[in-house]
Amino acid sequence: MRLSRAFLPTLKETPAEAQIVSHRLMLRAGLIRQTAAGIYAWLPMGWRVLRNVMQIVREEQDRAGAQEILMPTIQPAELWRQSGRYDDYGKEMLRIRDRHDREMLYGPTNEEMVTDIFRAYAKSYRDLPRNLYHIQWKFRDEVRPRFGVMRGREFLMKDAYSFDLTKEGAQHSYRQMFVAYLRTFARMGLKAIPMQADTGPIGGSMSHEFIILAETGESQVYLHRALLDYDALRETPDYDSDLSHITDFWTRHYAATEEKHDPAAWEAIPEADRVSARGIEVGHIFYFGTKYSAAMGLSVQGPDGRPIVPEMGSYGIGVSRLVAALIEANHDAAGIIWPDTVAPWKAAILNLKQGDPACDRLCEALLAGLPDQAVYDDREERAGVKFADADLLGFPWQAIVGPRAAAAGRVELKRRASGERHEVSLEDALARIRGS
């Protein structure tokens, strides 16, 4: 990608309406543009990050045995009446009537629709267990949308739904998603802490929300230091094995949001092991038994011929919200610092003397060696502008090409996160960037 041809509308000034770091930087870096209150268009660079986040989410859901489908955004009101939630959900639900005066809604979540889909095909106990997920846009009519995509009205969400024959099976499905979530956030370079939570309008008897730690987080959290040392990626579970030892580890150690904070339990922890931090919710999982399956008439024939009402759970990740959370956890005064796994491009190639044969030749070689992995800043701009934009946009690497080094066939390679710089050969620069 040549920056001179890119649709990348960066801003020098911070928009007045942006109140938090991620909103400011997403607007300044040209990731998004507001089209209405709480509704955003995703511009090319933002869309690339969003797709990278989606892909990690998708890979870990697949790895845990969930199967991807795609459900529509518009749902018939009748399904929600069957579950009893249509009149109870509140004004956050956007209600619609079509030209035939049929009552519809823009889905805020999909428990009813997925239950309807599953009951149409699942007839026998042999059809369970199953876990279905999709990544789809949702709409909740927030009374005061704010903080950019962190709390918008339209948002992209991964929601999964498990169906099991027994309570024990449903709890195993819950643990599978628990582990998959830990791995998902760890792959993005985020430290995620699961905390027991209320079930809210989803309902059910067991729930955890996943909080990532960030200095600019929206809520105060309290946790035992041992949780910070847990390495989710070093754990390589067989998802069909007993996973209770993993969830038990998190249950044994104190972790709570400010709303559920227990000062007495906190005082019982050795002072050296107490960690108070800020956090952002990025995922929420629920076990709710037969709340929806029973209400909507879902049953399958058991081994003895008797009907069984499946036990269910649901599991959400705020995919678009995650992009903002990543920025809240990874930024400095100069701009965004993307982790390697989600960065829109791995490197920015900065030509400090456009038109110099050696500089131009080396930049072209870097671009050719990094197909779809690098942005070449070939603009007729001062070096200071190029450096500032590269820092703002947050690419993990900056390959800086100036006349002196280029004459010797060398590149100054800067790591955005640490600021470290090394002058290396073209081959070494390509190898380091590709290997990150």
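Attention here is on the structure that accompanies the text.

About the cut-offs
Residues numbered from 1 in each chain as written. Predicted model: local features only at pLDDT ≥ 70, side-chain atom pairs only at ≥ 80, totals over all residues. Heavy atoms only, no water. Buried < 20%, exposed > 50% of the residue type's maximum accessible area, 1.4 Å probe, protein only. Helix = DSSP H or I, 4+ residues; strand = E, 2+ residues; numbered from the N terminus. Contact = heavy atoms within 4.5 Å. Phe/Tyr/Trp six-rings, centres within 6.5 Å; stacked < 30°, edge-to-face > 60°. Axes fitted to C-alpha atoms, helices over the stretch in contact; angles between N-to-C directions. Parallel < 35°, antiparallel > 145°, perpendicular 65-115°, else oblique. Left-handed = near helix turned anticlockwise from the far one by under 90°. Nonpolar A, V, L, I, M, F, W, Y, C, P; charged D, E, K, R; others polar. Pairing = 2+ DSSP bridges. 1 Å grid on protein atoms, 1.4 Å probe; cavity = no way out; pocket = protein on both sides within 12 Å on 5 of 7 lines; lining within 4 Å. Points joined across faces, edges and corners; volume = space filled by probe spheres on them. Expected span 1.5 Å × (residues − 1). Core = buried A, V, L, I, M, F, W, Y, C linked by side-chain atoms within 4.5 Å.

## Section: helix 6 (residues 244–252)
Then, number 1: Three or more residues of helix 6 are buried, namely S244, I246, T247, F249 and W250.
Then, number 2: Looking at the buried positions of helix 6, the neighbouring elements they touch are helix 5 (167–187) and strand 9 (192–196).

## Let's talk about the packing of aromatic side chains
Then, number 1: All chains considered together, the criterion is met by 15 aromatic pairs.
Then, number 2: Ring centres of Y106 and F139 lie 5.5 Å apart, and the angle between their planes is 50 degrees; on these two criteria the pair is classed as tilted. Placement of the pair is Y106 in strand 6 (residues 103–106) and F139 in strand 7 (residues 130–139), with a sequence separation of 33 residues.
Then, number 3: Accessibility expressed as a relative area gives 6% for F139, which makes it buried.
Then, number 4: Geometrically, the ring pair formed by F178 and F210 is edge-to-face, given 5.5 Å between the ring centres and 65 degrees between the ring planes. Separated by 32 residues along the polypeptide, F178 in helix 5 and F210 in strand 10 (residues 206–213) bring together distant segments of the chain.

## What to know about the packing of helix 2 (residues 44–63) against helix 5
Then, number 1: In contact at an axis separation of 9 Å, helix 2 and helix 5 are set at 150 degrees when each is read in the N-to-C sense. The orientation of helix 2 relative to helix 5 falls into the category roughly antiparallel. The two elements helix 2 and helix 5 cross, and the hand of that crossing is right-handed. Residues I56, V57, E59, E60, Q61 and R63 of helix 2 touch helix 5, and the partners they reach there are M177, A180, Y181, R183, T184 and R187.
Then, number 2: In the contact of helix 2 with helix 5, the residues fall into 5 nonpolar, 2 polar and 5 charged.

## Here's the deal with the environment of I211
Then, number 1: Within the secondary structure, I211 is located in strand 10.
Then, number 2: Classification of I211 as buried rests on a relative accessible area of 1%.
Then, number 3: With 138 residues separating them in the primary sequence, I211 and I349 have C-alpha atoms 35 Å apart.
Then, number 4: Leave out the neighbours within four places in its chain, and I211 touches K191, A192, I193, M195, V221, T257, G279, I280 and E281.

## Details of the pairing of strand 10
Then, number 1: For strand 10, the tally of buried residues reaches 6 of 8 residues, placing the bulk of the element in the interior.
Then, number 2: Bridge analysis of strand 9 against strand 10 gives 5 bridges, and the strand direction is antiparallel. Each bridged residue has a counterpart across the sheet, and for I193 the counterpart in strand 10 is I211.
Then, number 3: With 8 bridges joining them, strand 10 and strand 13 (residues 274–289) adopt antiparallel strand pairing. Considered in strand 13, the bridge of E209 is made with H284.

## Quick notes on empty space enclosed by the protein
Then, number 1: Applying the stated criterion to the full structure yields 2 cavities of 30 Å³ or more.
Then, number 2: Looking at the largest cavity, its volume works out to about 70 Å³.
Then, number 3: If you trace the largest cavity, you find it lined by G38, I39, Y40, W42, W137, G148, V149, G152, E154, F155 and S320.
Then, number 4: Per element, the largest residue contribution to the lining of the largest cavity is 3 residues, and it comes from strand 2 (residues 39–42).
Then, number 5: Here the lining of the largest cavity is built from residues that sort into 6 nonpolar, 4 polar and 1 charged.
Then, number 6: There is about 40 Å³ of room inside the second largest cavity.
Then, number 7: Lining the second largest cavity are L3, A348, L350, V375, D377, K386, D389, A390, L393 and F395.
Then, number 8: For the lining of the second largest cavity, the elements supplying multiple residues, two or more each, are strand 19 (347–351), strand 20 (374–377) and helix 11 (383–393).
Then, number 9: Ranked by residues supplied to the lining of the second largest cavity, first place goes to helix 11 with 4 residues.
Then, number 10: Taken together, the residues of the lining of the second largest cavity sort by class into 7 nonpolar, no polar and 3 charged.

## What about helix 2?
Then, number 1: In this model helix 2 runs 29 Å from its N-terminal to its C-terminal C-alpha over 20 residues, within 8% of the 28 Å that 1.5 Å per residue would give.
Then, number 2: Regarding helix 2, the residues found buried are M45, G46, R48, V49, L50, V53, M54, I56, V57, E60 and Q61.
Then, number 3: Where helix 2 terminates, the next one or two residues include G65, which has phi positive at roughly 100 degrees.

## Looking at the sheet that holds strand 4 (residues 74–76)
Then, number 1: Pairing within the open sheet is antiparallel, and its 3 strands lie in the order 4-6-5. In this open sheet, the two strands that pair with only one neighbour each are strand 4 and strand 5 (94–97). With direction set aside, neighbouring strand axes in the sheet form an average angle of 35 degrees.
Then, number 2: Both strand 4 and strand 6 contribute to a ladder of 3 bridges, which runs antiparallel.

## Quick look at the sheet that holds strand 21 (residues 397–401)
Then, number 1: Spatially, the 5 strands line up as an open sheet ordered 20-19-21-22-23, and their pairing is mixed. Every other strand in the sheet has two partners, leaving strand 20 and strand 23 (421–425) as the edge strands with one partner each. Sheet twist, expressed as the average angle between the axes of neighbouring strands with direction ignored, equals 25 degrees.
Then, number 2: As paired elements, strand 19 and strand 20 share 4 bridges and run parallel to each other. Within strand 20, the residue paired with I349 across the bridge is Y376.
Then, number 3: Together, strand 19, strand 20, strand 21 and strand 22 (410–415) form the strand contacts of helix 10 (residues 357–369), whose direction differs from that of strand 19 by roughly 165 degrees.

## What about the nonpolar core?
Then, number 1: Membership of the largest hydrophobic core comes to 85 residues, with the highest contact counts inside it found for L31, V53 and W338.
Then, number 2: Looking at which element gives the most residues to this core, the answer is helix 5, with 9 residues.
Then, number 3: If near-sequence neighbours (up to four positions away) are discounted, V53 is found in contact with M188, V319, L322, V323, L326 and V342.

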